[in-house]
Amino acid sequence: MSLTQSKVELKKYLMHINGEWTGKDLDQLEVTNPANGRAVGTVPNGGEAEANEAIEAAHEAFQTWSQLTVYERGGYLKKLHQSILNHEEELAQIMTAEMGKPIKESRGEVGYSATFIEWYAEEGKRIYGETIPSHVGNKRMQVWKKPVGVVAAITPWNFPLAMLARKMGPALAAGCTIVIKPSSESPLSAVKLVELCEEVGFPKGVINLVTGSSSKIGKAIMENDKVRKITFTGSTEVGKTLIKQSADQVKRLSMELGGHAPLIVLDDANVDTAVKGALDSKFRNTGQTCVCANRIYVQSGIHDEFVEKFAAAVKKLKVGNGADDTIEVGPLINQSGLEKVVHHVDDALAKGAKLEAGGERISLDGGTFYAPTVISNVDPEMIVMQEETFGPVAPIQKIESIEEAVALANDTPYGLAAYVFTESVAKGTKLIEQLNFGIVGWNDGLPSAAQAPFGGMKESGIGKEGGHEGLEAYLESQYVAIGLD
């Protein structure tokens, strides 16, 4: 069934507050497919009133949800995990329709999202406290773990399902309740996921979804003292604003912010492995990922071979509407995203960069398409090497030494992800030890996994998601000193 034939196209989606679907009487926001500019659905334009209603519902539900055993909470999550897998194709089609991701990648994201729900269904059983050896005989010292409370999850448009699952899984496993604010660019995947949550029987108020104005909903979240935890994935600029706003109530924060990932290829690298890794990292989701390679540094001994093979592979990538199973690169999310890509490429070429592949807009059905692009002979003064492009552009700079690679890679306020390609354990170890990035793929362009920590250093964020660290983010440690006399 094609997307144009599916029931996704003209559906009127609603918000979910305290177990009820609501918002049909509010003004509606139209969600459009960037591949063709056509409407695929609407969501309510909610604001402060709806957000506060959702927060109150979550606060009330927390009193009972937090008292369930981790086995009981894990049981709900296991049912949700299976439900996500059962609805893989529907979720994938919704995702592709609302934000343009190639359908093969959307299916992959659905499966990836399910791994977070499954992981935390089990990891919740490993919320361990501590017994501390006492310094006196009549005292016992313990550390108890308690859920932090109501969580507000603010998710981005580029991975509308995975980023939500990565937050929701550990929050619910820990005993927290949640208020979800998805991006208005791609809220439909979140709505469908909450529908599945309702179907598997989560108690009312445990999971709430509010769509609409980011500023108004955000204001309610930051001002309502019943929200004790904010988890946000998005730009560093917005993240800094939320950090400042959180200070009044000292809310706990998890921030996964912007990146500017370097990809370093040393002379002894397997060139074919490096080319594949660079393709996987750079062009996934049309280059619209916070961890995608944004700056490629190749040592001079294999520079020319790498550029030739990489450009040849990029030229073969098929661009178009993601609904087609053969498509590998979809549209940019909107016109603003497209214009940024154009600006970065034009600036580099004007300053002496060499175009190896792409370098042009693609006119196709009114969509925001740009050809997968490779440019060589770049230098640090070009905008593309200073800012996160968030598009299908791979700039390559020739380097001479490991020391130069480290200096260039670390010369950024960001520290989310980096990639290193070398067959030498000694060189790779020494190089990675000097990189100030929270995630490093060594001969691996796709390092993310549910069981591993995900997060950055410097201005790329606060805290980690994934793995046992992702669960700790939703727990408070309570020290209890017990006097026995």
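So, a few notes on the structure that sits alongside this text. (Residues numbered from 1 in each chain as written. Predicted model: local features only at pLDDT ≥ 70, side-chain atom pairs only at ≥ 80, totals over all residues. Heavy atoms only, no water.)

Helix and strand counts for the protein stand at 14 helices and 25 strands. Long-range pairs, those at least 24 residues apart, make up 73% of the contacts in the protein with a sequence separation of at least 6. If you sum the accessible surface of the protein, you get close to 19300 Å²; carbon and sulfur atoms cover 50% of it. Placing the 48 positive and 63 negative side-chain charges of the protein at their respective mean positions leaves the two points 4 Å apart. (Helix = DSSP H or I, 4+ residues; strand = E, 2+ residues; numbered from the N terminus. Contact = heavy atoms within 4.5 Å. Areas by Shrake-Rupley, 256 points an atom, 1.4 Å probe, with all protein chains shown as cover. Lys, Arg positive; Asp, Glu negative; His and termini not counted. Charge placed at Lys NZ, Arg CZ, Asp CG, Glu CD.)

This part is about the environment of Pro-380. With respect to the helices and strands, the residue Pro-380 is situated in the loop between β18 (373-376) and β19 (393-399). Taking the C-alpha atoms as reference points, Pro-380 and Gln-397, separated by 17 residues in sequence, lie 8.5 Å from one another. The contact partners of Pro-380, leaving out residues within four places of it in the chain, are Met-385, Gln-386, Gln-397 and Leu-408.

Take the environment of His-344 next. Its location among the elements puts His-344 in helix α11 (residues 335-350). Classification of His-344 by relative accessible area gives buried; the value is 1%. Along the backbone, His-344 and Arg-166 are 178 residues apart, and their C-alpha atoms lie at a distance of 31 Å. Once residues lying within four places of it in the same chain are set aside, the contact partners of His-344 are Ile-383, Val-384, Glu-387, Glu-388 and Thr-389. (Buried < 20%, exposed > 50% of the residue type's maximum accessible area, 1.4 Å probe, protein only.)

To continue, consider unusual backbone geometry. Non-glycine residue Val-250 carries a positive phi angle of around 50°. For Val-250, the position within the fold is in the loop between α8 (236-246) and β12 (252-256). Residue Thr-286 is not a glycine yet carries a positive backbone phi of 60°. Note on placement: Thr-286 falls in the loop between α9 (271-283) and β14 (293-299).

Residues Thr-373 and Ile-375 of β18 are buried on one face, and the alternating residues Val-374 and Ser-376, pointing to the opposite face, are buried as well. Of the strand pairs in this sheet, strand β15 (residues 354-357) and β18 are connected by three bridges, and their pairing is antiparallel. Within β18, the position partnered with Lys-354 by the bridge is Ser-376. With three bridges joining them, β18 and β19 adopt parallel strand pairing. Bridge pairing links Val-374 to Ala-394 in β19. (Pairing = 2+ DSSP bridges.)

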